[in-house]
Amino acid sequence: MRLSVLLLGVGLFASPASAQVVAPSDPADYPAAPGREEAVAFCGACHSFRLVAAQGLTRLQWDETMKWMVQRHNMPELHPQDHDIILDYLERAFPPKASGGRPGWTNPFAPHQ
Ligand code: HEC
């Protein structure tokens, strides 16, 4: 009895693909676009990816955010290629919310929440 409870506990926490992830974020919860898996896995490692998805920023601002994560929050610096994959995704999936001041315009990539 005790053993099975223990095994169940281990099963719940052992995630082979992402053993280091603190609060697992599911890529399926976010807009589908190239780089989604990479962005959710990487940016969701220290905090929930929801924190990221709640923002709507320009490419420049996303770039600044990534620099800020490295400088202030000890995020490991990415290889330029990976950096671009994630930046492309962030720009595409989470652009500024008030886009061009068009009332009633909904971002097709916006998360449903
Ligand atoms: C090494 C850990 C780490 C990684 C990796 C990381 N962050 Fe963060 N991030 C933090 C910490 C620490 C905070 C501030 C504490 C908090 O709000 O949880 C934070 C906060 C944020 C915020 C909230 C800022 C605000 O105004 O509230 C955003 C947006 C953000 N991160 C974006 C990103 C993006 C985008 C990535 C991936 C490129 C990323 N983070 C990867 C550690 C990290």
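Residues numbered from 1 in each chain as written. Predicted model: local features only at pLDDT ≥ 70, side-chain atom pairs only at ≥ 80, totals over all residues. Heavy atoms only, no water.

Focus: the site of the ligand
Near the ligand, the surroundings consist of 16 residues, among which Cys 43, Cys 46, His 47, Met 69 and His 73 are the closest. His 47 places a side-chain nitrogen or oxygen 2.8 Å from a nitrogen atom of the ligand. If you map the ligand onto the pockets, it falls in the largest pocket. Listing elements by their share of the shell around the ligand, those giving two or more residues are helix H2 (36-43), helix H3 (49-53) and helix H4 (59-73). Ranked by residues supplied to the shell around the ligand, first place goes to H4 with six residues. Its residues placed into classes, the shell around the ligand shows 11 nonpolar, five polar and no charged. (Near = heavy atom within 4 Å. Polar contact = N/O pair within 3.5 Å; in protein donor to acceptor, adjacent residues only side chain to side chain. 1 Å grid on protein atoms, 1.4 Å probe; cavity = no way out; pocket = protein on both sides within 12 Å on 5 of 7 lines; lining within 4 Å. Sits in = over half its atoms within 2 Å of the grid points. Helix = DSSP H or I, 4+ residues; strand = E, 2+ residues; numbered from the N terminus. Nonpolar A, V, L, I, M, F, W, Y, C, P; charged D, E, K, R; others polar.)

As for unusual backbone geometry
For Asn 74, which is not a glycine, the phi torsion comes out positive at approximately 60 degrees. Inspection of the secondary structure assignment puts Asn 74 in the loop between H4 and helix H5 (80-93). On the accessibility criterion, Asn 74 (70% relative accessible area) is exposed. (Buried < 20%, exposed > 50% of the residue type's maximum accessible area, 1.4 Å probe, protein only.)

Geometric descriptors of this kind do not, in isolation, establish any biological role.
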